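# Per-entry structural report
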Amino acid sequence: MTDSHPRDFEGYGRNPPDPRWPGGAKVALNFVINHEEGGEESIPDGDPRSENALTEGSTAAVKGRDLGAESMFQYGSRVGFWRLHRLFTERNLPCTVFAVARSLERTPEAAAAIREAGWDVCGHGWKWEMHIGMDEATERRRIAEATEIIARMTGSAPLGWYTRYAPSLHTRHLLAEAGYLYDCDAYDDELPYWRDVGGRKRLVVPYTLTHNDIRFQRAALTTGEEFFRYIQGAIELMLAEPGGRMLSVGLHNRIIGHAGRAAGLAKLLDWVKTQPQVWVCRREEIARHWIAHHHP
């Protein structure tokens, strides 16, 4: 960034730092399960409409309650989450959960399973809502409510945060105020970096909507095998490049939790376990590593 412009178009440029990942790994691979079901807009919750984003889609505009969309969200929490839970725990692989607070409240068994598996949780909102356009006082209250609920449901306060696209201009400093260690509200790099927020350095661990199962909803991927090849190709390229990288892989209970898609994820997890230079880790581990080895 420059004094005259708030955006940074160069980042690390041609000489990114050696991340020095543990064990000499070249790729830090973080799988993220988005746990959102029960936190979406819903007429029974007093919202003006039924949320249908990132579902299998509707063949017609629905006025009033969309029971089809509601059911697709419920599949995610009733079936999809448990399939993903089995895939990771049976292979003893870690992951991170971007958890909507209200979703955790409504799925206490899933919250207990997340805690028992030792997965880290990032705040993903009080409900599944965009923060852009919120006034500062409302957003501060939303963050506080979400933090309290997640801590109560999982046994520990979240250290990271990811806003449903998109955050507001206040989000980052409000997270700093609330004691968060880092946020993921950026898509602009393949390594963590530091930003100035209120005169202090704040850690950003960028996320991605590219290496993400939402591509199934946009018809860019149609089979589990395509998902496997797509993510495998990204990892292989990063392994072949100089230096080291971080790769986030975004998952949703109601999307990749379906069997035909989850088969590709299972294949990917089995392949990843054969790659000695891939560090499969939790997002909190990436943040703590960057703080320990790359503090400004």
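Keep in mind it's a predicted model, so treat the numbers as computed, not measured.

Parameters and conventions
Residues numbered from 1 in each chain as written. Predicted model: local features only at pLDDT ≥ 70, side-chain atom pairs only at ≥ 80, totals over all residues. Heavy atoms only, no water. Helix = DSSP H or I, 4+ residues; strand = E, 2+ residues; numbered from the N terminus. Rg over C-alpha atoms; globule rule 2.2 N^0.38 Å. Buried < 20%, exposed > 50% of the residue type's maximum accessible area, 1.4 Å probe, protein only. Contact = heavy atoms within 4.5 Å. Areas by Shrake-Rupley, 256 points an atom, 1.4 Å probe, with all protein chains shown as cover. 1 Å grid on protein atoms, 1.4 Å probe; cavity = no way out; pocket = protein on both sides within 12 Å on 5 of 7 lines; lining within 4 Å. Points joined across faces, edges and corners; volume = space filled by probe spheres on them. Nonpolar A, V, L, I, M, F, W, Y, C, P; charged D, E, K, R; others polar. Pairing = 2+ DSSP bridges. Expected span 1.5 Å × (residues − 1). Bend = angle between axes of the 7 residues up to and from the residue.

### Describing the overall build of the protein chain
The number of helices and strands found in the protein chain is nine helices and nine strands. Relative to the globule expectation of 19 Å for 296 residues, the C-alpha radius of gyration of the protein chain, 19 Å, shows essentially globular dimensions. In the protein chain, which comprises 296 residues, the proportion classed as buried is 52%. Across the protein chain, the fraction of contacts at a sequence separation of at least 24, relative to all contacts at a separation of at least 6, is 74%. By element, 50% of the accessible surface of the protein chain is carried by carbon and sulfur atoms, the whole surface being about 13,600 Å².

### Comments concerning the layout of surface pockets
The computed volume of the largest pocket comes to approximately 1,000 Å³. In terms of lining residues, the largest pocket is bounded by 30 residues, among which Pro6, Arg172, Asp188, Tyr193 and Arg195 are the most central. Elements that contribute at least two residues to the lining of the largest pocket include exactly helix H5 (171–177) and strand S6 (193–197). Of all the elements, S6 adds the most residues to the lining of the largest pocket, at five residues. Grouping the amino acids of the lining of the largest pocket by side-chain chemistry returns 14 nonpolar, five polar and eleven charged.

### Examining the environment of alanine 144
Relative to the helices and strands, alanine 144 resides in helix H4 (residues 136–154). Linking alanine 144 and alanine 178, residues 34 residues apart in sequence, is a C-alpha distance of 7.2 Å.

### Looking at the environment of glutamine 217
Here glutamine 217 is to be found in helix H6 (residues 214–217). What makes glutamine 217 partly exposed here is its relative accessible area of 22%. Between the alpha carbons of glutamine 217 and alanine 144 there is a distance of 32 Å; along the sequence they are 73 residues apart. In this view, glutamine 217 contacts Leu54, Thr55, Glu56, Ile255 and Arg261; residues no more than four positions away in its chain are not counted.

### What about the pairing of strand S2 (residues 96–99)?
Of the two faces of S2, the one lined by Thr96 and Phe98 and the one lined by Val97 and Ala99 are each fully buried. Of the pairings in the sheet, the one linking strand S1 (residues 27–35) to S2 comprises four bridges and is parallel in character. For valine 32, the partnering residue across the bridge sits in S2 and is threonine 96. Inspection of the sheet shows S2 paired to strand S3 (residues 120–123) by four bridges, in the parallel sense.

### A word on helix H1 (residues 67–90)
End to end, H1 covers 34 Å across 24 residues, agreeing with the expected 34 Å (1.5 Å per residue, within 8%). Of all the bends in H1, the greatest, near 40 degrees, is centred on glycine 80. Looking at the buried residues of H1, the elements they touch are S1, helix H3 (108–117), strand S8 (245–252) and helix H8 (259–272). Just downstream of H1 lies asparagine 92, where phi reads positive at about 55 degrees.

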